[in-house]
Amino acid sequence: MTEPKAASLRVDGPCRPEAVLRAAKQIRKKLGSPAKAAFVFAAADFLPQAEELCEILRVDGHIRDVAGCAVTGQVCDGKEFGGAQGFSVLALAGGVSEPVVCERGLGAVAGADGAVLLQSGIAEDFDARLAEWDRRFPGSALAGGVTGRARDGGPCVFLNGKRVESVAVAAADGGCVLPFVAQGCRPIGEPLTVTRADHNILYSLGGQPAYRVLERAFETLSDDEKSRAKGNLFAGLAGNEYLEEFRSGDFLIKNIIGADPDSGAVVIGGLPRIGQTLQYQIRNR
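Criteria and thresholds
Residues numbered from 1 in each chain as written. Predicted model: local features only at pLDDT ≥ 70, side-chain atom pairs only at ≥ 80, totals over all residues. Heavy atoms only, no water. Axes fitted to C-alpha atoms, helices over the stretch in contact; angles between N-to-C directions. Helix = DSSP H or I, 4+ residues; strand = E, 2+ residues; numbered from the N terminus. Left-handed = near helix turned anticlockwise from the far one by under 90°. Contact = heavy atoms within 4.5 Å. Nonpolar A, V, L, I, M, F, W, Y, C, P; charged D, E, K, R; others polar. Phe/Tyr/Trp six-rings, centres within 6.5 Å; stacked < 30°, edge-to-face > 60°. Buried < 20%, exposed > 50% of the residue type's maximum accessible area, 1.4 Å probe, protein only. Lys NZ or Arg CZ within 6 Å of the ring centre and 35° of its normal. Salt bridge = Lys/Arg side-chain N within 4 Å of Asp/Glu carboxyl O. Core = buried A, V, L, I, M, F, W, Y, C linked by side-chain atoms within 4.5 Å. Pairing = 2+ DSSP bridges.

Colleague: Could you clarify how one ought to interpret the packing of helix H1 (residues 17-31) against helix H2 (residues 50-61) in this entry?
Modeller: Axes are the key here: two packed helices are described by the angle between their axes and the distance separating the axes. It is at 8 Å that the axes of H1 and H2 come closest, and there the two elements cross at 35 degrees. Handedness of the crossing formed by H1 with H2: right-handed. Together, Pro 17, Val 20, Leu 21, Ala 24, Lys 25 and Arg 28 of H1 and Glu 52, Leu 53, Ile 56, Leu 57, Asp 60 and Gly 61 of H2 make up the contact between the two elements. Per-class residue counts for the contact of H1 with H2 are 7 nonpolar, 1 polar and 4 charged.

Colleague: Explain the packing of aromatic side chains to me, please; I cannot follow it from the model alone.
Modeller: For any pair of aromatic rings, the description rests on two quantities: the centre-to-centre distance and the angle between the ring planes. In total, this model carries 4 aromatic pairs according to the counting rule given. Ring centres of Phe 246 and Phe 251 lie 5.4 Å apart, and the angle between their planes is 40 degrees; on these two criteria the pair is classed as tilted. Of the two residues, Phe 246 and Phe 251, both sit in the buried class. The ring of Tyr 203 has Arg 196 sitting right over it, with the charged end atom 4.1 Å from the ring centre.

Colleague: In this structure, what is going on with the pattern of salt bridges? I would like to understand it.
Modeller: When their charged atoms lie close together, side chains carrying opposite charge are able to pair. The final tally for this structure, using the stated rule, is 9 salt bridges. Ionic pairing is found between Arg 212 and Glu 215, a salt bridge with its closest N-O pair at 3.4 Å. Taken together, the positions of Arg 212 and Glu 215, both in helix H4 (residues 210-219) and 3 residues apart, correspond to about one turn of that helix. The class for Arg 212 is partly exposed, based on a relative accessible area of 40%.

Colleague: Please explain the side chain of Asn 232 as it appears in this structure.
Modeller: Of note, Asn 232 is situated in the loop between helix H5 (223-227) and strand E17 (233-238). Filtering out sequence-adjacent residues up to four positions away, Asn 232 remains in contact with Gln 281, Ile 282 and Arg 283.

Colleague: Even after reading the chapter, I still don't get the nonpolar core, so can you show me in this structure?
Modeller: The biggest cluster of nonpolar side chains holds 32 residues, and the ones touching the most others in it are Ile 27, Val 40, Leu 57 and Phe 87. Counting only elements with at least two residues in this core, the list comes to strand E1 (6-11), H1, strand E2 (35-42), H2, strand E3 (63-70) and strand E6 (87-92). Here this core takes 6 residues from H1, the largest share from any one element. Other than its neighbours up to four places away in sequence, Ile 27 contacts Ala 7, Ser 8, Leu 9, Ile 63, Val 89 and Ala 91. Counting 19 residues, the second largest nonpolar core, distinct from the first, contains Leu 205, Ala 210, Ala 235 and Tyr 280.

Colleague: Hey, could you run me through the environment of Ala 170 in this one?
Modeller: Among the secondary structure elements, Ala 170 is positioned in strand E12 (residues 166-170). Taking relative accessible area as the criterion, Ala 170 reaches 2% and is therefore assigned buried. Ala 170 sits 28 residues away from Leu 142 along the chain, and the two C-alpha atoms are 8.9 Å apart.

Colleague: Looking at this structure, I do not really get the sheet that holds E1. What am I missing?
Modeller: The strands that make up a sheet are held in pairs by hydrogen bonds between backbone atoms, and each pair lies either parallel or antiparallel. With respect to topology, 6 strands assemble into an open sheet ordered E1-E6-E2-E3-E10-E11, the strand pairing being mixed. Sheet topology places E1 and strand E11 (162-164) at the edges, where each strand pairs with a single neighbour. Between one strand axis and the next, the sheet turns by 20 degrees as a mean value, whatever way the strands run. Alignment of E2 against E6, held across 6 bridges, turns out to be antiparallel. Within E6, the residue paired with Ala 38 across the bridge is Ala 91. In this fold H2 packs onto E2, E3, E6 and strand E10 (157-159), with an angle of close to 150 degrees to the strand it touches most, E3.

Interpretation in functional terms is not warranted from these geometric data alone.
Now the structure itself:
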């Protein structure tokens, strides 16, 4: 029987060493051989214990390197767990290179067949890295995303227990990255022109406070949509300004990192331009 190339599982509940140990042993049993790398997506309360979590997974799970980040939800076995405690693990027996910490760019990443990049929330830096990747590896996929910042102001990304600003794991030894969209977004509210912005901070849309526009968009939702809107609202930057009507798929979706009702500002995970069209979005079920 051919041994599996990957194994995944999810552990619910607060961070406890005994739960991590059980997960490590299950991963080792599922794979049947040492893993070259694993991705861990954990609730925020795991972050202070990232070093211990990674050490247990590496030693007892026979995993060479563990890269991960704090998230507000996890995915495992085709199911999404939004706002949940616990963590999910995806261990890979092959097809990946040694993870690279890449605070100074993607120069050290050899990823002609694609890579996964996890980065703490520095929006302008992330956009620059996407452009750098396209220049270095045209036509090659770069998957991943930008997390927020930890409660202590530090990064939410970690590699083998050490918290870092960003880490990349490239495909290697016949592996490749094949991204696909599991969920999409649909526009809510109305599309408006960005009239004031500073880096990734939106101040006004169509001459109105960006926060107020977000509030009005939220009010257009049904009661059911409002109840599940937390963590599921985004900002969409128009990919083509010449469309007569904007629909789902016409926007580059960016995370909403924060908002301030007093100043009317909304912080997003991207760099809006003055004159660009933006419309808020809600994640589809």
